[in-house]
Amino acid sequence: MRRFYSPPETFTGQAVTLGADEAHHMRDVVRQRPGDEVSVFDGEGREFVCVIRNIARSSAELEIVREVEPRSPESPARITLAAAMLKADKFELVIQKAVELGVAELVPLITDRCEANTKHAEKRMVRWQRIILDASKQCGRATLMKIGEPVKFQTMLAAGDNTETVLFAERDGERLGDGGRNVIRTVVIGPEGGWSDAEIDAARATGCRIITLGGRILRAETAAIAITAIVQNLFGDIN
């Protein structure tokens, strides 16, 4: 069954109205027609089986048949992935896979050795949101992963309690299992050039655990994906 997205405010009673982008995709890309059954999720965890009543150029009207459980439930770990910004295609891969792996929120980081062009990051937000939406449709999530505008690493450290935060580095860290099964809520991944000494010192001083992966040396985008999967295995719903 085809899946579509519509925000909560478009649901009224037993009906939902899709916007222009989703209506175009419904009519002209996947060629659904009035009378077809589809699934519509609201981005906040609810999903419904609906029957198409009318598809116009700028909207589509659907009748809600019943509410259903999303195919992919939200992870109990509620992981935040804070990842240094990478060049466009690599960071977009991280966004897509973070959605698939059940990350609740992704925080793009500006670090000392960040090689990505951060000047136009705000203009990328629309594209990032589109990637999140498309990945959510594909993997069955009904809750859209949150993503914020890029923030400086030091700003993130100063934002709150870091006792449930782990920073993965290529040096000066402990093994993940050495501290016991402490809860991990935020996973921090560095840039392609690695962390500066000042950043590692600042993270440690604010309560972050510094973790290494033993003999594994991973590219930044691989590290973000692999480490998220490891943390989901330990504390989430991948097992």
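Worth saying up front: this structure is predicted, and the values here are computed from it rather than measured.

Colleague: Can you help me understand the overall build of the chain in this one?
Modeller: A tally of regular secondary structure across the chain gives six helices and 14 strands. Structurally, the chain occupies a C-alpha span of about 60 × 40 × 30 Å along its principal axes. Counting only residues that meet the buried cut, the chain has 47% of its 239 residues in that class. For the chain, contacts bridging at least 24 residues in sequence account for 72% of all contacts bridging at least 6. Seen as two clouds, the 32 positive and the 35 negative side-chain charges of the chain have centres 4 Å apart.

Colleague: For this particular structure, what's the right way to read the sheet that holds strand E1 (residues 3-5)?
Modeller: Paired through their backbone hydrogen bonds, the strands of a sheet run either parallel or antiparallel. Across the sheet, which stays open at both edges, the six strands sit in the order E1-E4-E5-E6-E3-E2 with mixed pairing between neighbours. The open sheet terminates on both sides in strands that have one partner only, identified here as E1 and strand E2 (11-12). Alignment of strand E5 (residues 47-55) against strand E6 (residues 60-68), held across eight bridges, turns out to be antiparallel. Its bridge partner being in E6, Phe48 is matched across the sheet by Glu67.

Colleague: Explanation requested: the environment of Gly140 in the structure shown.
Modeller: Secondary-structure assignment places Gly140 in the loop between helix H3 (121-139) and strand E9 (146-147). Residue Gly140 is classed as buried on the basis of its relative accessible area, which comes to 0%. Those residues in contact with Gly140 that lie beyond four places of it in its chain are Arg3, Glu47, Pro70, Arg71 and Ser72.

Colleague: Looking at this structure, how should I read the side chain of Ser196?
Modeller: With respect to the secondary-structure elements, Ser196 resides in the loop between strand E13 (186-189) and helix H5 (197-205). Reaching out from Ser196, the side chain makes a polar contact with the side chain of Asp112 at a distance of 2.8 Å. Leave out the neighbours within four places in its chain, and Ser196 touches Asp112, Arg113 and Arg171.

What counts, and at which threshold
Residues numbered from 1 in each chain as written. Predicted model: local features only at pLDDT ≥ 70, side-chain atom pairs only at ≥ 80, totals over all residues. Heavy atoms only, no water. Helix = DSSP H or I, 4+ residues; strand = E, 2+ residues; numbered from the N terminus. Buried < 20%, exposed > 50% of the residue type's maximum accessible area, 1.4 Å probe, protein only. Contact = heavy atoms within 4.5 Å. Lys, Arg positive; Asp, Glu negative; His and termini not counted. Charge placed at Lys NZ, Arg CZ, Asp CG, Glu CD. Pairing = 2+ DSSP bridges. Polar contact = N/O pair within 3.5 Å; in protein donor to acceptor, adjacent residues only side chain to side chain.

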